[in-house]
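Summary of structural features
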Amino acid sequence: MDVLIKRWYLLAIACVINLCAGSIYAWSVFAGPKAEQLSQILGQTITAGDLSLAFSLGNGLAPIPMLLGGYLNDKAGPKIQIVLGGLLVAIGLCWAGASESLFTLFFSYGFIFCLGVGLTYSATVNTSVKFFPDHPGLAGGLTTAAYGFCSVGVPPVAHVLIEQFGITAAFQILGVVFGTVIVIGGLLSQKCPQGFMTTGRKDSPRSVKAAVNYNWSEMVRTTNFWLMIALLLCGAITGMMIFSQAVGIAVNQVGMSVTAATGAVAFLALINTFGRLVAGVISDKLGQPLSLLGACILTVCGLVMLITCTQGSNIMFYAALTIIGFPFGAFLGIFPGYTAAAFGTRFNGTNYGIMFCGFALSGAVGPWLMNALSNNGDFYYSYLAGICLASLGVLLAGILKIRSSRENTCKLQNASC
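What you are looking at is a predicted structure, and each value in this text was computed from that prediction instead of being measured. (Residues numbered from 1 in each chain as written. Predicted model: local features only at pLDDT ≥ 70, side-chain atom pairs only at ≥ 80, totals over all residues. Heavy atoms only, no water.)

**Describing the overall build of the protein chain**
Rules: The helix and strand labels rest on DSSP assignments: H or I over at least four residues marks a helix, E over at least two residues marks a strand, and numbering proceeds from the N terminus. Each radius of gyration is computed over the set of C-alpha atoms, and the globule rule expresses the reference value as 2.2 Å times the number of residues to the power 0.38. When accessible area is computed with a 1.4 Å probe and restricted to protein chains, residues below 20% of their type maximum are described as buried, those above 50% as exposed, and intermediate ones as partly exposed. Should any heavy atoms of two residues lie within 4.5 Å, those residues are counted as being in contact. Each accessible area is a Shrake-Rupley estimate made with a 1.4 Å probe; only the visible protein chains count as cover when residues are assessed.
Counting secondary structure elements, the protein chain contains 17 helices and 0 strands. For the protein chain, the C-alpha radius of gyration of 21 Å lies close to 22 Å, the compact-globule estimate for 417 residues. Projected onto the principal axes, the alpha-carbon positions of the protein chain cover approximately 70 × 50 × 35 Å. The 417 residues of the protein chain split such that 55% are buried. In the protein chain, of all internal contacts separated by at least 6 residues, the share reaching a separation of at least 24 is 83%. Carbon and sulfur atoms form 68% of the exposed surface of the protein chain, whose accessible area is close to 17100 Å².

**Some points on the packing of helix α13 (residues 258–286) against helix α14 (residues 288–308)**
Filter applied, for reference: For helices, the axis comes from a line fit to the C-alpha atoms of the stretch in contact; other axes are also lines fit to C-alpha atoms, and the angle between any two N-to-C directions lies between 0 and 180 degrees. What sets the label is the angle itself: under 35 degrees gives roughly parallel, over 145 gives roughly antiparallel, 65 to 115 gives roughly perpendicular, and the rest give oblique. Residue type decides the class: Asp, Glu, Lys and Arg count as charged, Ala, Val, Leu, Ile, Met, Phe, Trp, Tyr, Cys and Pro as nonpolar, and the leftover types, Gly among them, as polar.
Across the interface, α13 lies against α14 with an axial gap of 7 Å and an inter-helix angle of 130°. Classified by the interaxial angle, the pair formed by α13 and α14 is oblique. From α13, Ile-282, Ser-283 and Leu-286 reach across to α14, where they touch Gln-288, Leu-290 and Ser-291. Residues of the contact of α13 with α14, tallied by class, amount to 3 nonpolar, 3 polar and no charged.

**Some details on the confidence of the model for the protein chain**
Detailed reading of the predicted coordinates is not advisable wherever pLDDT is low. Defined as follows: For every residue, the pLDDT score states the predictor's confidence, bounded by 0 at the bottom and 100 at the top.
Confidence in the prediction of the protein chain, expressed as mean pLDDT, is 87, and 94% of residues score 70 or more. No element of the protein chain has a lower mean pLDDT than helix α9 (residues 205–210), at 42, and none a higher one than helix α8 (residues 167–188), at 95. Low pLDDT, under 50, characterises residues 200–210; the predicted model gives this stretch 22 contacts beyond four residues in sequence or across chains.

**Describing the pattern of salt bridges**
Two side chains bearing opposite charge may form a pair once their charged atoms approach each other closely. Our working definition: By salt bridge we mean one thing: a side-chain nitrogen of Lys or Arg within 4 Å of a carboxyl oxygen of Asp or Glu.
In total, this model carries 2 salt bridges according to the counting rule given. Across the pair Asp-134 and Arg-7 runs a salt bridge whose closest N-O atoms are separated by 2.9 Å. Taken together, the residues Asp-134 in the loop between α6 (102–131) and α7 (136–165) and Arg-7 in helix α1 (residues 3–21) connect sequence positions 127 residues apart. Assigned by exposure class, Asp-134 and Arg-7 land together as buried.

**Remarks on the nonpolar core**
The condition is simple: The definition of a nonpolar core used throughout is a set of buried Ala, Val, Leu, Ile, Met, Phe, Trp, Tyr and Cys residues joined through side-chain atoms within 4.5 Å.
Counting 109 residues, the largest nonpolar core has Phe-30, Tyr-109, Ile-242, Leu-306, Phe-317, Phe-335 and Met-355 as its most contacted members. Non-local contacts of Phe-30, meaning those with residues more than four positions away in its chain, are made with Ala-158, Ile-162, Ile-167, Ala-170, Phe-171 and Leu-174.

**Looking at the environment of Asn-351**
When you line up the elements, Asn-351 lands in helix α16 (residues 348–373). Residues Asn-351 and Ile-91, 260 residues apart in the sequence, show an inter-C-alpha distance of 29 Å. In contact with Asn-351, not counting residues within four places along its chain, are Tyr-214, Asn-215, Trp-216, Met-219, Thr-339 and Phe-343.

If you want it as structure tokens, here you go:
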């Protein structure tokens, strides 16, 4: 089969794999029942908050499998890496279900399972972007959107399994099913041929840039890298601030019930997933810097709307969540392809793994900043900080746009840049 046709099948396989790898988003459903089970086993009160270290540990260690997986993907391709990731996902979830101590739960879920998720995600996203040098935003958007969709689809399924079979069996059923699908998908995956290009890109300004292949040490010595990772931090920290306190904002500022607030969080997750896909496609048309500039402007508008939200302003609140959730997803959908477009596809696995460290850092800084600036349900100064970060993102994206236009013009004219 011709590679130009086969790559679409491989992209579909990558999306199916990520639908299973995104099972990490079911943690919020698992935490409560698992805490009750451990309380009975250990004879002491264990709360869902006590188990949050398992989820935090997995997210905190995310750069490790991203970097390791990126390196393996650049060298050997995705097959072995995804199969290994699938096995670790299955082992981690099954062991977490059977765990009878905090240590085994933290190790099985926070380390083994999340290591498998990171290896899998790294392989699918980076391989897809390499197969689509003509549509990096589409490939990155689809694969990251499939991963993010689990935040909407998996929790209800996990809840039904827990109700029907208990917490241990629920962990193990999902572990076996997801692990099997990932392993099969890995066996069907294929390494992108080195230097793969499509015929429609010969005269494209972006194709000129893609001809350059920086390794990680060369990438981090460029000005564009530091501008890009700073831009990613500005967008991701702002999004993480709102995600971390969406329930608190809904309850304390808007006056929603806890149940309604939980529904608002699910809505925010859905918009975030939608943003990954749509923004990725838009970036293929408008270019990544301009698309990210628009995302930062939307974020500023959404935060201004949140400032105006008062008790009972549910419609305004949902509108603000839409305008904030979409650009947050845009950063996740655009940056895999943006990294490849800026520094080449050959070492994109390792390069994006390094770039992803910016997103991982935002997961720690965003919630901390939100807590530090909020006061008894008053988030005004938190919103102002988010507006400042997003405004800085507008400036950074504008600089990157100017630099990109200048570099493309120089290269097309065979001039010194």
